[in-house]
Amino acid sequence: MGFSAFLTWTAVWVAILHQLHQVTAFPLHAAALNDIPTYSDSTDREWRMQVDAHVKEHLATILRDEAVNRLDKLGKVSDSPEFLQRTFMSPAALRAGQLIRTWMSDAGLFTWIDDMGNVHGRFDGMNSSAPALLIGSHMDTVIDAGRYDGALGVVSAIAAVKALQKSGRLVDYPRPIEIIAFSDEEGVRFQSTFLGSGAIAGTLSPNLLQVKDKRGVTVSAALQKLSFPGTKESLFNLKYEPESVWGYVEVHIEQGPVLESKGLPLGVVDAIAGQTRLRVSMKGSAGHAGTVPMAMRKDPMPAAAQAIVAIEELCIRPQQGGSPATVSRPTANKGGALVCTVGEIASWPGASNVIPGEVTFSVDVRAKDDNVRELAVLNMELSIHEICRNRAIACTIERKNEAKTVECDKELIDRLSVSATAATNELFSLTGVQTTNEEPVPTLSSGAGHDALAMAQLTKVGIMFVRCTGGISHSPEEHVLDDDIWAAGLALHSFLESDLPASFSA
Ligand SMILES: [Zn+2]
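Remember, it's a predicted structure, so these values are computed and weren't measured experimentally.

For the overall build of the protein, give the residues involved together with the corresponding values.
Secondary structure summary: the protein contains 13 helices and 16 strands in total. Within the protein, the fraction of its 506 residues that count as buried is 42%.

Structure follows, in structure tokens:
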């Protein structure tokens, strides 16, 4: 490096550090502008190492302190004074969108809100026409929500990009980076998930605009009330062309207990589990609870109970499952990858002194391996029909929903694993955590969809999970440790850094 290049470099760092002091609203650790060593104090390499150490302290401020503070702030933007709730196009959702937009601007991004209420922040990098890296998650919540589901992905993406911008290296990024805070993932208001990411990925049917909420307001009317067009054309125009996108990355809380059980802050997702939803209806004969002898009953309730236990058994031990000769058996339920849930049950007429005439219940089956899931569902159907036959109950099974497994991109899995490993090791060394874990970043499959499920229709996807206390989510009890928020920011920052051209080599 020539002396004039060195002077430029020095000037850049001084300007950056000066700016950091100007904009940071939090106490900086030990850093002060006059602590920066001058070049004449030491050799080039030593000087650079000292400046790097200095900048690292500032990174902690952006990636941890400020991110934690922003999650606290966003967690208070709610439609209810008692609990956290932000649904599609609600007043709090709009306020949250504006707040996120100011944070994106603060990170040096060009911002806009699209016709589905998604908030975008973009930086063109070295090549504005190159396919863009999209990073995102959702800003809507369930009712009585936690403050990290969705919000963590948005806040840590902004923090990582801001850190890169403050260190003067965002301009060198080889492609555009675009952060998107999606307007609807939970689907609380219209019972239809992915209104935000589905619009970008082009997976939404135009009929969706006519879906009504509980008060009879359509998606279209909800948008138009807030001056969005709410038309089929505007929905169509939101779709990104696959050629314009390089890939999609999402940081999300795990919403499960695996990372906590391993004592690790971060994990990388290899696949989003496929899903089948069944609706089972069993019809018998309604009757008086006191007058119909047991031998003369056609009671669908014990049949349903027996079927529900059989479903659980098939899920725990699929290899031994109710299996006619025509069905080949799955090898194993790999590490709990097959999960089955009966979450909803209703009986008609539903009175304590009446033998029910009909019982209906839902079955939700998920697995990383589509064959394992499909075979489990087939076995369930056979088993349910057999139970109904034996009890002379009429039985119908409807397949309400079927989604295949989405594999995450191999390159993104590898790169996110490398970045998450570096971040975990750095966090452990900074916080003095001793670990004997040989695998600092486990690979997990995701049982929940996330915006990445919709975005996978558009581009390759990668997901990083962050540990949450007790695996609890969709509840005010949902919690992520401050240091784990830091780890997520460090990992995403390191992921972005790995795309930068090698620079300033000594
Ligand atoms: Zn979520």
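Break down helix H4 (residues 151-166) for me, citing the residues and quoting the values.
Each full turn of the α-helix corresponds to 3.6 residues, which orients residues three or four apart in the same direction. For H4, which comprises 16 residues, the first-to-last C-alpha distance of 22 Å matches the rise-based estimate of 22 Å (1.5 Å per residue) to within 8%. The buried count for H4 comes to 16 of 16 residues, which makes it a mostly enclosed element. Residue Gly 168 follows H4 closely and has a positive phi angle near 80°.

Break down the pairing of strand E7 (residues 274-283) for me, with residues and values.
Summarising the sheet, E7 and strand E12 (residues 358-367) pair through ten bridges and their orientation is antiparallel. Looking at the pairing, Arg 277 lines up with Asp 364 of E12. Examined bridge by bridge, E7 and strand E13 (residues 394-403) share nine bridges and lie antiparallel to one another. By the bridge assignment, Met 282 is partnered in E13 with Cys 395.

Report on unusual backbone geometry, specifying residues and quantitative values.
The phi torsion of most residues other than glycine is negative, and most of the peptide bonds are trans. Between Trp 348 and the following residue, Pro 349, the backbone shows a cis peptide bond with an omega angle of 5°. Among the secondary structure elements, Pro 349 is positioned in the loop between strand E10 (345-348) and strand E11 (354-355). If you check the backbone angles, His 474 has positive phi at about 55° while not being a glycine. Taking the number of C-beta atoms within 10 Å as the measure of exposure, His 474 has 16 and is therefore partly exposed.

Before we move on, could you go through the packing of helix H11 (residues 410-431) against helix H13 (residues 482-497) and cite the residues and values that matter?
At a minimum axis separation of 8 Å, H11 and H13 run at an interaxial angle of 135°. Judged by the angle between their axes, H11 and H13 are oblique. Where H11 crosses over H13, the handedness of that crossing is right-handed. On H13, the residues touching Arg 415, Leu 416, Ser 419, Ala 420, Ala 422, Ala 423, Thr 424, Glu 426, Leu 427 and Thr 431 of H11 are Asp 483, Trp 486, Ala 487, Leu 490, Ala 491, Ser 494 and Phe 495. Looking at the contact of H11 with H13 residue by residue, the class counts come to ten nonpolar, four polar and three charged.

I'd love a proper account of the environment of Asp 369, names of residues and values included.
Relative to the helices and strands, Asp 369 resides in the loop between E12 and helix H10 (370-390). What makes Asp 369 buried here is the crowd of 20 C-beta atoms within 10 Å. A sequence separation of 31 residues divides Asp 369 from Leu 338, and the C-alpha atoms of the two residues are 8.2 Å apart. Setting aside chain neighbours within four positions, we find Asp 369 in contact with Ala 337 and Thr 405.

For H11, give the residues involved together with the corresponding values.
Across its 22 residues, H11 extends 31 Å between first and last C-alpha, which sits within 8% of the 32 Å expected from 1.5 Å per residue. Of the residues making up H11, those classed as buried are Leu 412, Ile 413, Leu 416, Ser 417, Ser 419, Ala 420, Ala 423, Thr 424 and Leu 427. Packed against the buried residues of H11 are strand E5 (245-253), strand E6 (266-272), strand E16 (461-466) and H13. Backbone geometry just after H11 places Gly 432 at a positive phi near 75°.

Explain the environment of Gly 471 to me, using residue names and the numbers behind them.
Summarising the element assignment, Gly 471 is placed in the loop between E16 and H13. A tally of 16 C-beta atoms within 10 Å means that Gly 471 is categorised as partly exposed. When the C-alpha atoms of Gly 471 and Gln 255 are compared, they prove to be 5.1 Å apart, with 216 residues separating the residues in sequence. In this structure Gly 471 touches Glu 254, Gln 255, Gly 256, Pro 257 and Glu 260, once residues within four positions along its chain are discounted.

Got a sec to walk through the packing of H4 against H13? Specific residues and values, please.
Orientation of H4 relative to H13, taken along the N-to-C sense of each, is 50°, at an axis distance of 8 Å. By the criterion of interaxial angle, the relationship of H4 to H13 is oblique. The two elements H4 and H13 cross, and the hand of that crossing is right-handed. Listed contacts from H13 to Leu 152, Ser 156, Ala 157, Ala 159, Ala 160, Ala 163 and Leu 164 of H4 are Ile 485, Ala 488, Gly 489, Leu 492, His 493 and Leu 496. Of the residues in the contact of H4 with H13, the class split is ten nonpolar, three polar and no charged.

Requested: an account of the environment of Ala 394, with residues and values cited.
The residue Ala 394 is located in strand E13 in this model. Considering only alpha carbons, one finds Ala 394 and Pro 300, 94 residues apart in sequence, at a separation of 8.7 Å. Excluding anything up to four places from it in sequence, Ala 394 contacts Lys 283 and Cys 388.

The rules we used
- Residues numbered from 1 in each chain as written.
- Predicted model: local features only at pLDDT ≥ 70, side-chain atom pairs only at ≥ 80, totals over all residues.
- Helix = DSSP H or I, 4+ residues; strand = E, 2+ residues; numbered from the N terminus.
- Buried ≥ 20, exposed ≤ 12 C-beta atoms within 10 Å, placed from the backbone.
- Expected span 1.5 Å × (residues − 1).
- Pairing = 2+ DSSP bridges.
- Axes fitted to C-alpha atoms, helices over the stretch in contact; angles between N-to-C directions.
- Parallel < 35°, antiparallel > 145°, perpendicular 65-115°, else oblique.
- Left-handed = near helix turned anticlockwise from the far one by under 90°.
- Contact = placed C-beta atoms within 7 Å.
- Nonpolar A, V, L, I, M, F, W, Y, C, P; charged D, E, K, R; others polar.

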